[in-house]
Amino acid sequence: MKAVSCRAGALEVVELADPTPADGQLVLDVTRCGICGTDLHARHHADELLGVMDVVGYRDFMRSDTPVVMGHEFCGTVAERGRRAAKEFKAGTTVVSFPFMRADGGVHLTGLSPKAPGGYAEQVVVEAAMSFVVPNGLAPDIAALTEPMAIALHAVRRSEIAKRDTAIVLGCGPVGLAVICHLKALGVSKIVASDFSPGRRALATRCGADLVVDPAVDSPYSAASQKGAITDVPALYELAMSSMEKLRRLPGWAHVYRAADALGAAGPKRPVVFECVGVPGMIDGALAGAPLQSRVIVVGVCMGEDMLRPSMGIAKEIDLRFVFGYTPLEFRDTLHLLADGKVDASALVTGIVGLDGVAAAFEALGDPEAHAKILIDPASSATAPVATA
């Protein structure tokens, strides 16, 4: 079969042996595979993550000196079923799969490890237990978005955002756009999106952002203009002092204070901020720019080292949460949200390319005005991305 191999940053179409399924596995004919921002970063910066992966105990992550077939956002049709794989996976059935694979005595990250070749290929091996039949005739272009949309669903759920909250999304690449889609479907009252790119700001509007901001011109935090939010420490001190001056005139003031605190009315209002860029400086910038007591969800994957000022987060009591991946249930739920039309992710896909055009697609994705998400169609002969709209 044909596949795209990555080694030392070079992307090359190669011939590999056709895969065979082990017990409990499926071989899929790949229909679509998305090019992920993680793939773009890992192509040149995977080695920078090796130390982190060693600390967390996963030593089989991709590295520059070893060829790997990337691609962890895919859908396909069942070509072959291994023993003990469920009978629902008949030949020709369209499925999506959680990108984990058993191989060499362990579980590996599909498309991000040389031990688990991914979907930049005509065929890919998946685990039947981690695979899901695509319902309702969902189009392959959208089914292939299950994985990145599951990341966004996990981030939104981890944020514990409520409908009455204000959301600020920093970065309107595919991950940021996916977060906006889920926030819109959830019914969040105000969604502010920020990106330097006019094209991506337009896509953010299509995905459901209520207000889009060019951070070179306006602050997304100022644009959010949430009543009751406090942006500097002296204002918090003044709120504390003036509130107590009023409360102490009341008999049983502590009970009034306690009741207000239980209802969430005793402190400043705060937005929920989603950092979806993943480059050095973004986390510290969010700590500095966000109002006091904001909740910052770090969704973007920064593969290099970064610096931040802990005292900034401490002084402002910022709640900082990092997210990674999703659960199998969230993956399944995302597929059904897409198939049932409850989440509209159609705006994310901007181009299609064949295996011979993957290197060109990587270059095209360097221009935010040209594309957001490019999908690979192994059956296509396109050597450059073909626009979908």
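Conventions and cut-offs
Residues numbered from 1 in each chain as written. Predicted model: local features only at pLDDT ≥ 70, side-chain atom pairs only at ≥ 80, totals over all residues. Heavy atoms only, no water. UniProt positions renumbered as here; feature names shortened; annotations may be inferred. Pairing = 2+ DSSP bridges. Helix = DSSP H or I, 4+ residues; strand = E, 2+ residues; numbered from the N terminus. Axes fitted to C-alpha atoms, helices over the stretch in contact; angles between N-to-C directions. Core = buried A, V, L, I, M, F, W, Y, C linked by side-chain atoms within 4.5 Å. Buried < 20%, exposed > 50% of the residue type's maximum accessible area, 1.4 Å probe, protein only. Contact = heavy atoms within 4.5 Å. Phe/Tyr/Trp six-rings, centres within 6.5 Å; stacked < 30°, edge-to-face > 60°. Patch = residues over 30% accessible without salt bridge, like charges linked within 9 Å, V, L, I, M, F, W, Y side chains within 5 Å. Areas by Shrake-Rupley, 256 points an atom, 1.4 Å probe, with all protein chains shown as cover. Salt bridge = Lys/Arg side-chain N within 4 Å of Asp/Glu carboxyl O. Lys, Arg positive; Asp, Glu negative; His and termini not counted. Charge placed at Lys NZ, Arg CZ, Asp CG, Glu CD. Parallel < 35°, antiparallel > 145°, perpendicular 65-115°, else oblique. Left-handed = near helix turned anticlockwise from the far one by under 90°. Nonpolar A, V, L, I, M, F, W, Y, C, P; charged D, E, K, R; others polar.

You'll find the protein entered in an unreviewed UniProt entry as Zinc-binding dehydrogenase, with [Mycobacterium] manitobense given as the organism. The record held by UniProt for the protein lists under Cofactor (unreviewed entry) the comment "Zn(2+)". UniProt lists a comment for the protein under the heading Sequence similarities (unreviewed entry), and it reads "Belongs to the zinc-containing alcohol dehydrogenase family."

Kindly report on the sheet that holds strand S11 (residues 190–194), identifying the contributing residues and their values.
The six strands are arranged S12-S11-S10-S13-S14-S15 in an open sheet whose pairing can be described as parallel. What marks the edges here is a single partner per strand, and that holds for strand S12 (211–213) and strand S15 (319–322). Each neighbouring strand pair of the sheet contributes to a mean axis angle of 20°, computed without reference to strand direction. Strand direction decides the pairing type here: strand S14 (residues 295–298) and S15, joined by four bridges, are parallel. Residue pairing across strands places valine 298 opposite phenylalanine 322, the latter belonging to S15.

Tell me what's going on with the nonpolar core, and back it up with residues and numbers.
Considering soluble globular proteins, one finds that nonpolar side chains tend to be buried as a cluster. One finds Met149, Ile180, Leu183, Phe274 and Leu348 to be the most contacted residues of the largest nonpolar core, which totals 53 residues. Beyond its immediate sequence surroundings of up to four residues, methionine 149 is in contact with Ala178, Cys181, His182, Thr334, Leu338, Val343, Ala345 and Leu348. One finds Leu11, Ala46, Phe89 and Ile376 within the second-largest nonpolar core, a separate group that totals 42 residues.

An account of the packing of aromatic side chains is needed here, citing residue identities and associated values.
Tallied over the entire structure, the rule returns six aromatic pairs. Ring centres of phenylalanine 98 and phenylalanine 100 lie 4.9 Å apart, and the angle between their planes is 70°; on these two criteria the pair is classed as edge-to-face. Here phenylalanine 98 falls in the buried class, since its relative accessible area comes to 5%. The structure contains a cluster of three or more aromatic residues connected by ring pairs, namely Phe98, Phe100, Phe132, Tyr326 and Phe331.

Please give an account of the side chain of histidine 108 that cites residues and values.
Its place among the elements puts histidine 108 in strand S7 (residues 106–109). Once you skip the residues sitting within four places of it in the chain, histidine 108 turns out to touch Tyr58, Asp60, Pro99, Phe100, Met101, Ala103, Ser113, Lys115 and Ala116.

Please set out a negative patch on the surface residue by residue, giving values where relevant.
Negative charge collects at one region of the surface, where Glu15, Asp18, Asp29 and Glu122 lie side by side. If you trace the backbone, aspartate 29 turns up in strand S3 (residues 25–34). Classification of aspartate 29 as partly exposed rests on a relative accessible area of 31%.

Mind laying out the environment of isoleucine 168, listing which residues take part and the relevant values?
Checked against the element boundaries, isoleucine 168 lands in strand S10 (residues 166–170). When near neighbours in sequence (up to four residues on either side) are disregarded, isoleucine 168 contacts Val192, Pro220, Tyr221, Ala224, Pro271, Val272, Val273 and Phe274.

Let's hear about the pairing of strand S5 (residues 94–97): which residues, and what values?
Across three bridges, strand S4 (residues 73–81) lies against S5 in antiparallel orientation. By the bridge assignment for S5, threonine 77 is matched with threonine 94.

Residue-level account of the pattern of salt bridges, with values.
Counted according to the given criterion, the structure contains 18 salt bridges. A salt bridge links glutamate 160 to arginine 321; the shortest N-O distance between them is 2.8 Å. In this pair, glutamate 160 is assigned in the loop between helix H4 (146–159) and S10 and arginine 321 in strand S15, connecting sequence segments 161 residues apart. Note on glutamate 160: relative accessible area 53%, which makes it exposed. Residue class for arginine 321 comes out buried when judged on its relative accessible area of 16%. Within this structure, Glu160, Arg295, Asp319 and Arg321 form a network of salt bridges that share partners.

An account of the packing of H4 against helix H12 (residues 328–339) is needed here, citing residue identities and associated values.
For the pair H4 and H12, the least separation of the axes is 9 Å and the interaxial angle reads 110°. If you check the angle between H4 and H12, you find them roughly perpendicular. Considering only the axes of H4 and H12, their crossing is right-handed. Side by side, H4 and H12 meet where Thr146, Glu147, Met149, Ala150, Leu153, His154 and Arg157 of the first sit next to Glu330, Phe331, Asp333, Thr334, Leu335, Leu337 and Leu338 of the second. Here the contact of H4 with H12 is composed, by residue class, of seven nonpolar, three polar and four charged.

Tell me about the pairing of strand S2 (residues 10–15), residues and numbers included.
Here six bridges tie strand S1 (residues 2–7) to S2, and the two strands are oriented antiparallel to one another. Directly across from arginine 7, in S2, lies its bridge partner alanine 10.

Give me the lowdown on the packing of helix H5 (residues 174–186) against helix H6 (residues 198–207), citing residues and values where you can.
Orientation of H5 relative to H6, taken along the N-to-C sense of each, is 25°, at an axis distance of 9 Å. Relative to H6, the element H5 is oriented roughly parallel. The handedness of the crossing between H5 and H6 comes out as right-handed. Taking contact as the criterion, the partners of Leu177, Ile180, Cys181 and Lys184 in H5 are, on H6, Arg200, Leu203, Ala204 and Cys207.

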